[in-house]
Amino acid sequence: MTLSEWFIFFLAVQVIHFLGTWKLYVKAGRKAWEAAVPVYNAVVLMKIINRPWWWVILLFIPVINVIMLPVVWVETIRSFGKNTTTDTILVIVTLGFYIYYVNYMLDVKHIEDRDLKPKTGTGEWISSILFAVVAATLVHTYFMQPYTIPTGSLERTLLVGDFLFVSKFHYGARTPMTSVSFPMVHDTIPLAKTKSYNSDIQYPYFRLPGFQKIKRNDIVVFSWPVDTVRFFRDPSGINVYKPIDKKSNYVKRCVGIPGDSLSVVDGYVYINGKQTELPDRAETQFTYTFKNTGGQFSEDALYERYRIKPGEIGFDRQLQRPFVFLTKENAQKFKNKPGVSELKRRIEPKGERDSRIFPNNGKVNWNVDNFGAIYIPEAGKTVKMDLKSFSLYRRIIEVYEGSEMGIDNKLSVNGTQVLLNGNPIDSYTFKQDYYWMMGDNRHNSEDSRAWGYVPANHIVGKPVFIWMSWDTNAKGLFNKIRWERLFTTVGGNGEPVSYFYYFLIALAGWIVFSKYRKKKKAA
């Protein structure tokens with residue numbers, strides 16, 4: 001929905017509210033017109049139902065408001081003596097329109113000093129659960145979100161089985177675009193395996209101010225730009241595109257920021273002609289081929305010594321040799337293993353074409369190791385539009401700055417002339433920033449080299465903390481926990497330091513202090 005459409009929708013909601021509650025306002029000792037003034041009517045309603053004024057703020061926070069609206073409906077009818085379970089069910093299943101019946105058909109009286117404490121244990125339990133859901137949803141949506149590393153694209157920097165806390169406030173929290181969704185889940189309701197949202201009504205894109213911009217080589221969580229619904233299809237079998245905030249979350253390293261000129265040369269990233277220097281915690285992996293001269297390749301031994309997981313040794317049919325994913329350090333160890341000879345890093349030759357590589361048209365001689373150069377678009381900057389830029393920026397113009405923003409953009413070519421919606425153009429000015437994301441596991445990562453730019457409105461947050469790390473390949477329950485990674489920071493310099501024992505000490509201190517305070521209070 002556009003801003004004008006949202007304004008009309010907001011006014012319609014105000015009219016519905018006024019028509020359904022003005023008599024109740026009068027019965028509560030207020031003026032009828034107070035039910036018609038936007039925002040002010042909500043403040044007055046909080047006074048009528050004897051709830052704090054700051055509940056009004058919750059009514060205007062996306063996702064939270066979907067939870068709070070039924071609460072306000074129930075509180076409204078209870079403030080006029082409608083306390084039965086039937087009343088509660090009716091006001092919820094009618095989406096609040098039961099209030100019309102109370103407003104016009106019943107002779108009710110306002111209970112000014114209504115007891116807010118639930119009358120039953122069940123009611124108190126429901127109130128506690130509701131408060132917990134609202135608080136958790138608020139934190140999850142706008143401050144900090146838990147995230148699990150599902151794939152090895154950032155090995156060995158972040159490991160499969162790392163459980164992270166992702167900060168929403170570093171780069172500024174992106175307010176939800178999907179207005180109706182199940183709280184505390186992403187795109188699918190667990191167990192039910194059904195969509196967790198309704199995408200018919202969408203909020204405009206908005207991001208709260210952050211205190212940090214994305215820097216080159218930051219690890220970033222973002223919505224996967226090309227994601228479509230894989231399991232929910234319409235009857236024709238065509239994929240249904242997800243709303244931006246319901247696309248799958250990916251985590252990669254941002255190797256290029258807006259305004260950069262980026263290329264990949266023999267697997268290494270170059271920015272503005274200079275090779276990128278990665279942080280000292282970054283561990284880049286490449287594919288190495290080798291000759292097996294009869295050595296034993298026990299999965300347990302390979303994992304313990306070289307961190308080679310099951311499935312990370314394969315066979316290169318083109319070279320007729322086995323291959324393995326290794327860091328430079330582990331490659332030095334692996335080449336000295338008995339039975340291994342001629343260990344060599346595999347590099348796709350410059351000029352060798354790979355149609356799976358962005359811009360996915362088979363017309364550029366780029367591959368996973370030798371790519372570009374390309375310009376990473378910056379908001380407000382203008383580029384020349386020719387046949388080359390047509391391929392690089394077509395998706396940006398048609399989708400990221402087109403259909404996903406409610407704009408019907410169509411880019412086409414007539415001979416050598418680029419057309420936008422049928423009109424000739426020789427330049428284009430970008431409306432938002434873009435980023436280039438890559439995995440540290442360079443030959444085992446589906447990243448920007450496959451699907452291109454990541455728009456600014458797809459940024460989710462910054463991973464800041466590993467609170468748990470689970471190694472499914474280790475033997476024994478105790479060994480499956482990577483103790484050295486518990487409570488470590490994602491960023492920073494030097495070897496990661498675990499703050500797990502400090503946490504245990506702080507927790508023990510808090511427990512002792514709480515018991516002491518409780519005993520003192522009892523005395």
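This text goes with the structure placed above it.
Computed from a predicted model, the values in this text were never measured in an experiment.

Chemist: Would you explain a nonpolar patch on the surface in this entry?
Modeler: Taken together, Tyr 501, Phe 503, Leu 504, Leu 507, Trp 510, Ile 511, Phe 513 and Tyr 516 make up a surface patch of nonpolar side chains, about 840 Å² in accessible area. Position of Ile 511 among the secondary structure elements: in helix α13 (residues 500-522). Assessed through its relative accessible area of 41%, Ile 511 is described here as partly exposed.

Chemist: Looking at this model, I keep getting lost on the sheet that holds strand β15 (residues 313-316). Mind explaining?
Modeler: To summarise the sheet geometry, strands pair through backbone hydrogen bonds and adopt either a parallel or an antiparallel arrangement. Taken in spatial order, the four strands of this open sheet run β15-β16-β14-β17, and their pairing is antiparallel. The sheet is open, and its two edges are formed by β15 and β17 (340-345), each paired on a single side. Strand-to-strand twist in this sheet, taken as the mean axis angle between neighbours without regard to direction, amounts to 40°. With four bridges joining them, strand β14 (residues 285-292) and β17 adopt antiparallel strand pairing. Note on β17: the bridge partner recorded for Tyr 288 is Arg 345.

Chemist: Help me out: how do you make sense of the packing of aromatic side chains in this one?
Modeler: To describe a pair of aromatic rings, you give the distance between the ring centres and the angle between the ring planes. Within the structure shown, the criterion is met by 34 aromatic pairs. Both rings, one in Tyr 100 and one in Tyr 104, keep their centres 6.3 Å apart while their planes meet at 45°; by these two values the pair is tilted. Highlighted residues: Tyr 100 and Tyr 104, both in helix α6 (residues 98-105), separated by four residues, approximately one helical turn. The exposure class assigned to Tyr 100 is partly exposed, which follows from its relative accessible area of 23%. Taken together, Phe 358, Trp 366, Phe 371, Tyr 393, Tyr 400, Tyr 428, Phe 430, Tyr 434, Trp 436 and Tyr 453 form an aromatic cluster joined through their ring pairs. Between Arg 345 and the ring centre of Phe 286, over which it is positioned, the NZ or CZ distance is 4.2 Å.

Chemist: I keep staring at the sheet that holds strand β11 (residues 261-265) and nothing clicks. Help me out?
Modeler: Taken in spatial order, the four strands make up an open sheet running β13-β12-β11-β18, and their pairing is antiparallel. Sheet topology places β13 (274-275) and β18 (371-375) at the edges, where each strand pairs with a single neighbour. With four bridges connecting them, β11 and strand β12 (residues 268-271) associate as antiparallel partners. From the neighbouring strand, Leu 262 faces β12, where its bridge partner is Ile 271.

The rules we used
- One numbering rule holds for all chains: residues counted from 1, following each sequence as written.
- Where totals are concerned, whole chains, interfaces and linings use all residues; where local detail is concerned, this predicted model gives features only for residues with pLDDT of at least 70, and gives and counts side-chain atom pairs only at 80 or more.
- Hydrogen atoms and water are omitted, and side-chain values are computed over all heavy atoms in the structure.
- Residues forming no salt bridge and having over 30% relative accessible area are the ones grouped into patches, like charges within 9 Å of each other and nonpolar side chains (Val, Leu, Ile, Met, Phe, Trp, Tyr) within 5 Å.
- Only the protein chains shown count as cover for residues, with accessible areas throughout obtained via the Shrake-Rupley method and a probe of 1.4 Å.
- One speaks of a salt bridge when a side-chain nitrogen belonging to Lys or Arg is within 4 Å of a carboxyl oxygen belonging to Asp or Glu.
- Secondary structure elements follow DSSP: runs of H or I of four or more residues count as helices, runs of E of two or more count as strands, with numbering from the N terminus.
- Three labels apply to residues, based on accessible area from a 1.4 Å probe with only protein chains included: buried if under 20% of the type maximum, exposed if over 50%, partly exposed otherwise in between.
- When DSSP finds at least two bridges between two strands, those strands are taken to pair.
- Simply put, an axis is a line fit to the C-alpha atoms, just over the touching stretch for a helix, and the angle between two N-to-C directions goes from 0 to 180 degrees.
- Classification of ring pairs uses Phe, Tyr and Trp, with its six-membered ring standing for Trp, and accepts pairs whose centres are within 6.5 Å; under 30 degrees between planes counts as stacked, over 60 as edge-to-face, and the remaining range as tilted.
- For a lysine, the NZ atom is tested; for an arginine, the CZ atom; a charge sits over a ring if that atom is within 6 Å of the ring centre and within 35 degrees of the ring normal.

It is worth stressing that arrangement in space is one thing and function is another; only the former is reported here.
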